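As a plain string of letters, each chain reads:
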Amino acid sequence: MQKIKKDQFSNRSILSIDQFTPDSFNRVFNEASALINEHERGVIHHELNGKIVTLLFYEPSSRTFSSFSSAAKRMGAQTVEYQNPTTTSSYVKGETMEDTIRVFANYSDCIVMRHFTTGIVKKLSRMIDIPMINAGDGSGEHPTQALLDMFTLHRRFGRLHNLKGLIAGDLLYGRTVHSLIKGLGKYQGNTLYLLAPERLKLPPYVEKEIKKMKIKIEYIKDEKSIPKDCNFWYWTRVQKERFSDPEEYEKLKKSFVITPSLLKQKGNANMVIMHPLPRIGEIDIKIDKDPRALYLSTQVKNGMYVRMALLKLVLG
Ligand code: NCD
């Protein structure tokens, strides 16, 4: 996939983390950090006045949808918002995705889309001449979540190289981890420990891609094998909606849980705990008060700033 150079964001679709380089990540992160400072000083943004960002979300979403919506508005843009188009748009009447996207392109300066079909955002983006942003395509990728996760790590540790992380949960269907692992794979010296049930290991096509990268990957079998010196734990939900057998999902959904005792045994004082959310029991709520837990606060806030930065770079 063609890379985006740091000064080439204008009018580019954001479809995969593969498009980024350390330089283009830095461009987004610098912009997001500046926006945080400006927000703290009460600066109101008008850069995207007159622009319309359309949000088309074919799968349920709380954070990504509202994060993009608030990011667009905070930059001065307005939004056209569709949640559940499968029941509320002409999709119900049998309209094709190709027609829908071509129609919405007439109203919009940018379309942010989430869909249950892997690869569809990339395919549709070729049919229109405005940029599209992939807000999650099936079990494929979630590039803006990876951007906010990496921004969060960068702000906390001041670097994205020489990090040691634990990623746990659903590595097969979890699109956030596909993007995050590939993103961290672009930096030197990172090691990731992967903790997943056998059935939910990374898909072979992702494994193949990361074999070519700089990252060291090691599967561990159980919590006992978690090294104590991780910089971060990144936990994920088992993706119920991707299972055809509900019983199988029930068996796997609580395979690995962060509890206070696990954190005490295997954590350390400087680490952070992250999760893209929603969680459905894989992090004990007693962990929420721990200052190392970033998933309900810093991570979510950073998401909005990263999306403000991205919209500014793409549409500004
Ligand atoms: C994730 C997603 O939709 O992929 N959520 C999010 O965007 N923050 C993770 C998930 O649903 O488990």
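Residues numbered from 1 in each chain as written. Predicted model: local features only at pLDDT ≥ 70, side-chain atom pairs only at ≥ 80, totals over all residues. Heavy atoms only, no water.

A look at the domain arrangement of the chain
The assigned domain composition of the chain is domain 1 (17-141 + 302-315) and domain 2 (143-299). Computed over C-alpha atoms, the centres of domain 1 and domain 2 are 24 Å apart. Contacts between domain 1 and domain 2 engage 29 residues on the former and 29 residues on the latter. Together, the buried faces of domain 1 and domain 2 total about 2500 Å²; carbon and sulfur atoms form 58% of this surface. Taken together, the links from domain 1 to domain 2 amount to four salt bridges. The shortest N-O distance in the salt bridge between R175 and E59 comes to 2.8 Å. For the pair domain 1 and domain 2, the interface holds 17 residue pairs in polar contact (both at pLDDT 80 or more). At the level of secondary structure, the elements contributing two or more residues to the side of domain 1 that touches domain 2 comprise α1 (22-40), α2 (63-74), β3 (110-115), β4 (132-137) and α11 (298-315). Broken down by element, the side of domain 1 that touches domain 2 gets its largest block of residues, seven residues, from α1. Classifying every residue of the side of domain 1 that touches domain 2 gives 12 nonpolar, 10 polar and seven charged. (Domains from an automatic or database assignment. Contact = heavy atoms within 4.5 Å. Buried area = accessible area lost by both parts, 1.4 Å probe. Salt bridge = Lys/Arg side-chain N within 4 Å of Asp/Glu carboxyl O. Polar contact = N/O pair within 3.5 Å; in protein donor to acceptor, adjacent residues only side chain to side chain. Helix = DSSP H or I, 4+ residues; strand = E, 2+ residues; numbered from the N terminus. Nonpolar A, V, L, I, M, F, W, Y, C, P; charged D, E, K, R; others polar.)

As for empty space enclosed by the protein
To find leftover empty space, one rolls a probe the size of a water molecule over the atoms. Scanning all chains against the criterion turns up one cavity of 30 Å³ or more. The calculated volume of the largest cavity comes to roughly 50 Å³. In terms of lining residues, the largest cavity is bounded by G169, P197, W235, T236, V238, L252, K253, S255, F256 and E282. Residues of the lining of the largest cavity, tallied by class, amount to five nonpolar, three polar and two charged. (1 Å grid on protein atoms, 1.4 Å probe; cavity = no way out; pocket = protein on both sides within 12 Å on 5 of 7 lines; lining within 4 Å. Points joined across faces, edges and corners; volume = space filled by probe spheres on them.)

Overview of the site of the ligand
The local shell around the ligand consists of T64, R114, H142, Q145, R175, T176, R237, Q239, P276, L277 and P278. Within the side chain of H142, an N or O atom sits 2.8 Å from an oxygen atom of the ligand. Between P276 and the ligand, the recorded distance is 2.9 Å, taken from a backbone N or O atom to a nitrogen atom. Surface burial for the ligand is 94%, taken as the share of its 320 Å² of free accessible area covered by protein chains. The cavity that encloses the ligand is the largest pocket. Among the residues forming the shell around the ligand, the class breakdown is three nonpolar, five polar and three charged. (Near = heavy atom within 4 Å. Areas by Shrake-Rupley, 256 points an atom, 1.4 Å probe, with all protein chains shown as cover. Sits in = over half its atoms within 2 Å of the grid points.)

Looking at the side chain of H178
On the secondary structure map, H178 appears in helix α7 (residues 175-184). A distance of 2.8 Å separates a polar side-chain atom of H178 from the backbone oxygen of L171.

Concerning the side chain of E59
Within the secondary structure, E59 sits in the loop between β1 (52-57) and α2. Its relative accessible area of 6% is what places E59 among the buried residues. A distance of 2.8 Å separates a polar atom in the side chain of E59 from a polar atom in the side chain of R242. Beyond its immediate stretch of four places on either side in the chain, E59 contacts R114, H115, F116, R175 and R242. (Buried < 20%, exposed > 50% of the residue type's maximum accessible area, 1.4 Å probe, protein only.)

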